[in-house]
Amino acid sequence: MYKVSYLHHSGFFVELESCCLLFDYWEGEIPPTPKKLYVFVSHSHGDHYNPEIFKLRENRDVTFILASEIRCKDKGSDIITIKPKTEITVDSVKVETLKSTDSGVAFIVEAEGLSIFHAGDLNLWLWKEETKQYNNNMKALFEKYISPLKGRSFDIGFIPLDPRQEEYYCLGMDRFLETADFKAVFPMHFWNSFDLIEKYRAERPEYASIIKTLTHKGQLTEV
């Protein structure tokens, strides 16, 4: 069993049996726990990285795993930086990264028998106002960067649905779900447009059973 708390935007807190994982914290209440905490930051954008995370050291056993493009003054021994297309093991947690179509990395994390994918800003970023060449280049890059996911299975996926893309909002999600097998998917990066999740579930009934409904910040899901 595991617990997932939706904090805000792309921020999620995953509680496992003996440790916890915090992804892309921006704001929100982080659940209290005495368990070892691993903090992941996919890139430096302000809606994914809040330097306040380093205050977690005050009352928790924490290891920070940051995309290498993040520039922070703190160089403590509890901070690990990681480049795209890299694999490392921290304690018993295995971490693999993919290159992002925007900035930084996407994370694949294996811990306590669970496989977790957090996309960060890896997405099929198509925009109506962009040129055909731009969007075609984006499609090619996206397919290249997600190719390591082909044929793999994940217990949990955190994947963007962005309303700013208008009718293109779901194309990235579609390709992720066509490329890999996910038991549970938590949409993210939807800018408080919670209704977008139900829209996607209605438009893609073949995926509705694995798409988790989110309705508010701080929502706890137990699986």
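Residues numbered from 1 in each chain as written. Predicted model: local features only at pLDDT ≥ 70, side-chain atom pairs only at ≥ 80, totals over all residues. Heavy atoms only, no water.

**Q** What should I look at first to understand the side chain of Asp121 in this one?
**A** Take Asp121: it is sitting in the loop between strand 10 (114–118) and helix 1 (132–146). At 6.6 Å, Arg164 is the nearest oppositely charged side chain to Asp121, a buried residue that forms no salt bridge. A polar side-chain atom of Asp121 sits 3.1 Å from a polar atom in the side chain of His189. In contact with Asp121, other than residues within four places in its own chain, are Ser42, His43, His45, His48, Ser100, Thr101, Asp102 and His189. (Helix = DSSP H or I, 4+ residues; strand = E, 2+ residues; numbered from the N terminus. Buried < 20%, exposed > 50% of the residue type's maximum accessible area, 1.4 Å probe, protein only. Lys, Arg positive; Asp, Glu negative; His and termini not counted. Salt bridge = Lys/Arg side-chain N within 4 Å of Asp/Glu carboxyl O. Polar contact = N/O pair within 3.5 Å; in protein donor to acceptor, adjacent residues only side chain to side chain. Contact = heavy atoms within 4.5 Å.)

**Q** Hey, could you run me through the sheet that holds strand 3 (residues 19–23) in this one?
**A** Working definition: the strands of a sheet are paired by backbone hydrogen bonds and lie parallel or antiparallel to each other. Pairing in this open sheet of seven strands is mixed, and the strands run 6-5-4-3-2-1-13 from one edge to the other. Because the sheet does not close on itself, it has two edges, and the strands there are strand 6 (79–82) and strand 13 (220–222). Along the sheet, successive strands turn relative to each other by an average axial angle of 15°, direction set aside. Both strand 1 (residues 3–8) and strand 2 (residues 11–15) contribute to a ladder of five bridges, which runs antiparallel. Bridge assignment links Lys3 to a residue of strand 2, and that residue is Glu15. (Pairing = 2+ DSSP bridges. Axes fitted to C-alpha atoms, helices over the stretch in contact; angles between N-to-C directions.)

**Q** Got a minute to help me understand the nonpolar core in this structure?
**A** What tends to happen in soluble globular proteins is that the nonpolar side chains get buried as a cluster. Counting 82 residues, the largest nonpolar core has Leu21, Phe117, Phe158 and Leu177 as the members making the most contacts within it. In terms of residue count, strand 9 (residues 105–111) provides more of this core than any other element does, six residues in total. Among residues more than four places away in sequence, those in contact with Leu177 are Ile159, Phe182, Val185, Tyr200, Tyr207, Ile210 and Ile211. (Core = buried A, V, L, I, M, F, W, Y, C linked by side-chain atoms within 4.5 Å.)

**Q** Honestly, the pattern of salt bridges in this entry has me stumped. Any pointers?
**A** One side chain can pair with another of opposite charge once the charged atoms of both are near each other. As enumerated under the stated definition, the model contains 15 salt bridges in all. Salt-bridge contacts for Asp78 lead to Arg57; the nearest nitrogen and oxygen are separated by 2.7 Å. One end of the pair, Asp78, is in the loop between strand 5 (62–67) and strand 6; the other, Arg57, is in the loop between strand 4 (36–41) and strand 5, with 21 residues separating them in the sequence. Within the structure, one salt-bridge network assembled from shared partners comprises Lys128, Glu166 and Glu167.

**Q** So what exactly am I meant to see when it comes to the packing of helix 1 against helix 2 (residues 171–179) here?
**A** Each pair of packed helices can be summarised by the angle the axes make with each other and by the distance between the axes. Running from N to C, helix 1 and helix 2 point in directions that differ by 35°, and their axes come no closer than 11 Å. Remark: the crossing between helix 1 and helix 2 carries right-handed chirality. Contact with helix 1, carried on its side by Phe142, Glu143 and Ile146, involves Gly172, Arg175, Phe176 and Thr179 of helix 2 and no other residues of that element. Looking at the contact of helix 1 with helix 2 residue by residue, the classes come out as three nonpolar, two polar and two charged. (Left-handed = near helix turned anticlockwise from the far one by under 90°. Nonpolar A, V, L, I, M, F, W, Y, C, P; charged D, E, K, R; others polar.)

**Q** Where do I start with the environment of Asn137 in this structure?
**A** Here Asn137 shows up in helix 1. A sequence separation of eleven residues divides Asn137 from Leu126, and the C-alpha atoms of the two residues are 9.8 Å apart.

**Q** Just to check I follow, could you spell out the sheet that holds strand 12 (residues 181–188) for this structure?
**A** Read from one edge to the other, the open sheet built from six strands follows the order 7-8-9-10-11-12, with strand pairing classed as mixed. Lying at the two open borders of the sheet, with one neighbouring strand each, are strand 7 (87–90) and strand 12. Taken over all neighbouring pairs, the strand axes of this sheet differ in orientation by 20° on average, direction set aside.

**Q** Looking at this structure, how should I read helix 1?
**A** Its 15 residues place the ends of helix 1 21 Å apart at the C-alpha level, agreeing with the 21 Å of an ideal helix rising 1.5 Å per residue. Buried residues in helix 1 make contact with strand 8 (93–99) and helix 2. (Expected span 1.5 Å × (residues − 1).)

**Q** Can you walk me through the pairing of strand 1 in this structure?
**A** On a regular strand, each side chain points to the face opposite its neighbour's, so the side chains alternate between the two faces of the sheet. Burial of strand 1 is extensive: five of the six residues sit out of reach of the surface. The antiparallel hairpin formed by strand 1 and strand 2 contains two residues in its connecting segment, where His9 sits at a positive phi of about 60°. Sheet analysis places strand 1 next to strand 13, joined by three bridges and oriented antiparallel. Paired with Ser5 across the bridge in strand 13 is Leu220.

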